[in-house]
Amino acid sequence: MKEQIKFYYGETIPLELHKVRIVQKLNLVPIERRLSALYEGGFNTFQLRTGDVFLDMLTDSGTNAMSDKQLSAMMQADDAYAGSQSFARLQQAVEEVLGKKYFLPVHQGRAAENIISKTFMKKGDVIPMNYHFTTALAHILENGGRIEELLHDDALQIKSDNPFKGNIDIDKLIACIEKHGKENIPFIRMEASTNLIGGQPFSISNLMDVRRVADKYGIMLVLDASLLGENAYLVKEREPEWQENTMADILKMMTNLADLVYFSARKLSSSRGGGICTNRRDLYGKMEAMIPLYEGFLTYGGMSVREIEAMAVGLHETLDETMISQSPAFIEYFVNQLEALNIPVVTPAGVLGCHVDAKQFCAHIPQTEYPAGALAAALYLISGVRGMERGTISSVRDEAGKEILADVELLRLAVPRRVFTLSQIKYVIDRLLWLYDHREMIGGLKFVYEPPVLRFFMGKLAPVSDWPEKMMAKFRKDFGQSL
Ligand SMILES: *Cc1c(COP(=O)(O)O)cnc(C)c1O
């Protein structure tokens, strides 16, 4: 059943099919404190402390609510260095849900990317993909490779009714292979629910086409399954051929098409950890020795046994439509409301969060002054809501040190599973509306400390003028208070 219901008076809104049994108190600190927190954190929302944050919409990573079943499984964990029963349960869950016999545990998704890149890539290789994820790109660059992003031309359009913006353009894929030669392409990477373009899914028919191309050229197909549950849910919703199938069928169909599947369990199964799985013994054999070297012994891979238990239960729970649909249903509501208010937002609604288009929202801020970063800072200032910049700050510089301007400038407001209530979403919509009406007041940012790798995590920025002070004064005037 979907976490969404049609009301008698006509509107369809999300309806929670769970109840809250453990609560965490939130802090809504005054705007004066929020302004200080921004300066202390270098106008980078990654650097804020949660004591200063009201609604934490930074990420869906490791922040989904756990189920009672996950928590009780954690209490039954088997603390053994080797041969743990907890690991056997996880291996079984991977086989049942993802349909893969061989499983390598890792401490989180990027560790899987490290191992896959180190094992299969050589310097100068090209990795074709639908779109990059920050950590996947970092590991490919680290191993001397580069990427080619092969989405259809319209996938980066903010407003769209394309239900599968995450699809690879098959003609571009074939041209890419012909151009670089299959000997320089160790694998094709497909990312489920393409994270950085707004959590947009691919269709099964597209994945089947990619498989055919991979077979034709003898190239391995790697699936980043971190957001596979949501991709499967949207296939069921949007791809006519699959509407009668169960989540279990759809998930297996997708993983069956890939030679190698890896995932961040922080997202897929709402705990910690990650894994790589395959049915090919040869591929498993090539990676096996890397696990004890980088992660931990083969039956824990850097995870605690409690995390392993939560992950095993979480994998089974991804088959439950009630659980998976909660976040997409809230996001759809969030996106539709913003669209009705003419606030620029990525459509159709995707997964993992609502993505506000900062390029349009802050059309007066040049990309070199980071409109998405500025919008994230401004929203925090006036609401205590923490989002994440997904734009040029999250991008990199080229070899000459020049900014590579991001294709899209997005403020991502993550909606982790079963964490927020509908009135909290309404609060965010209301504050975004105030901000949109005062958008000319938002100013740019500049780096004052810029780390060379993954700069968006630890970088420090400063406003280019006193726009935050002016905005605070206007906010206090309009609301007559500091909250
Ligand atoms: C989060 C994420 C990763 C990296 O996983 P971590 O557990 O954060 O290291 C890789 N791919 C995708 C699509 C992700 O969303």
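Calculation rules
Residues numbered from 1 in each chain as written. Predicted model: local features only at pLDDT ≥ 70, side-chain atom pairs only at ≥ 80, totals over all residues. Heavy atoms only, no water. Helix = DSSP H or I, 4+ residues; strand = E, 2+ residues; numbered from the N terminus. Rg over C-alpha atoms; globule rule 2.2 N^0.38 Å. Buried < 20%, exposed > 50% of the residue type's maximum accessible area, 1.4 Å probe, protein only. Contact = heavy atoms within 4.5 Å. Areas by Shrake-Rupley, 256 points an atom, 1.4 Å probe, with all protein chains shown as cover. Lys, Arg positive; Asp, Glu negative; His and termini not counted. Charge placed at Lys NZ, Arg CZ, Asp CG, Glu CD. Salt bridge = Lys/Arg side-chain N within 4 Å of Asp/Glu carboxyl O. Domains from an automatic or database assignment. Buried area = accessible area lost by both parts, 1.4 Å probe. Nonpolar A, V, L, I, M, F, W, Y, C, P; charged D, E, K, R; others polar. Near = heavy atom within 4 Å. Polar contact = N/O pair within 3.5 Å; in protein donor to acceptor, adjacent residues only side chain to side chain. Axes fitted to C-alpha atoms, helices over the stretch in contact; angles between N-to-C directions. Parallel < 35°, antiparallel > 145°, perpendicular 65-115°, else oblique.

Caption draft 1: Representation of the overall build of the chain. Counting its regular elements, the chain contains 19 helices and 14 strands. Whereas a compact globule of 483 residues would reach a radius of gyration of roughly 23 Å, the chain reaches 22 Å, a difference of no more than 12%. For the chain, the spread of C-alpha atoms along the principal axes amounts to about 65 × 55 × 45 Å. Split into buried and exposed, the 483 residues of the chain put 60% on the buried side. When contacts within the chain are restricted to residue pairs at least 6 apart in sequence, those whose partners lie at least 24 apart make up 72%. Surface exposure of the chain reaches about 19,300 Å², of which carbon and sulfur atoms provide 52%. Placing the 54 positive and 61 negative side-chain charges of the chain at their respective mean positions leaves the two points 3 Å apart.

Caption draft 2: Representation of the pattern of salt bridges in the model. Counted according to the given criterion, the structure contains 27 salt bridges. Residue Glu40 is joined to Arg49 by a salt bridge in which the shortest nitrogen-to-oxygen separation is 3.8 Å. Look at Glu40 and you get partly exposed, because its relative accessible area is 44%. On the basis of relative accessibility, which here comes to 59%, the residue Arg49 falls in the exposed class. Residue Arg212 pairs with Asp209 through a salt bridge whose shortest N-O separation is 2.6 Å.

Caption draft 3: Spatial organisation of the domain arrangement of the chain. Each assigned domain of the chain is listed with its residue range as follows: domain 1 (4-60 + 323-479) and domain 2 (68-319). Between domain 1 and domain 2, the C-alpha centre-to-centre distance is 27 Å. Listed by partner, the interface residues are 30 residues for domain 1 and 36 residues for domain 2. When domain 1 packs against domain 2, close to 2,600 Å² is buried across both sides, 59% of that on carbon and sulfur atoms. Contact with domain 2 buries area across many residues of domain 1, yet Ile324, Val351 and Arg417 alone supply 21% of it, more than any other trio. Counting across the interface, domain 1 meets domain 2 through 3 salt bridges. Among the salt bridges present, the one from Lys159 reaches Glu339, with a minimum N-O distance of 2.8 Å. Those elements giving two or more residues to the side of domain 1 that touches domain 2 turn out to be α14 (321-340), β10 (353-357), β12 (410-414) and α18 (455-458). Per element, the largest residue contribution to the side of domain 1 that touches domain 2 is 5 residues, and it comes from α14. By residue class, the composition of the side of domain 1 that touches domain 2 is 15 nonpolar, 6 polar and 9 charged.

Caption draft 4: Structural detail: the site of the ligand. Contacts to the ligand come from 13 residues, most closely from Gly109, Arg110, Asp224, Ser264 and Lys267. In the environment of the ligand, an oxygen atom lies 2.9 Å from a nitrogen or oxygen atom belonging to the backbone of Gly109. Coverage of the ligand by the protein amounts to 99% of the 380 Å² it exposes when considered alone. Broken down by element, the residue count for the shell around the ligand peaks at 3 residues, all from helix α4 (residues 109-120). Its residues assigned to classes, the shell around the ligand comprises 1 nonpolar, 6 polar and 6 charged.

Caption draft 5: Here's a closer look at the environment of Val346. When you line up the elements, Val346 lands in the loop between α14 and β10. Ignoring sequence-local partners within four residues, the contact set of Val346 consists of Ile158, Lys165, Ile197, Gln200, Val335, His355 and Leu410.

Caption draft 6: Geometry of the packing of α4 against helix α11 (residues 281-288). At a minimum axis separation of 10 Å, α4 and α11 run at an interaxial angle of 100°. With respect to α11, the axis of α4 lies roughly perpendicular. Between α4 and α11, the contacting residues are Ile115, Ile116, Thr119 and Phe120 on the first element and Leu283, Lys286 and Met287 on the second. In terms of residue class, the contact of α4 with α11 is built from 5 nonpolar, 1 polar and 1 charged.

Caption draft 7: Highlighting unusual backbone geometry. Between Thr347 and Pro348 the backbone carries a cis peptide bond, its omega angle lying at -5°. Take Pro348: it is sitting in the loop between α14 and β10. A positive phi is found at Leu352, a non-glycine position, where the angle reads about 70°. Here Leu352 shows up in the loop between α14 and β10. Among the residues examined, Leu352 registers a relative accessible area of 3% and is labelled buried. Residues other than glycine seldom take positive phi values, yet Arg418 does so here, at roughly 60°. Topologically, Arg418 is positioned in the loop between β12 and α17 (422-437). When its relative accessible area of 22% is taken as the criterion, Arg418 is described as partly exposed.

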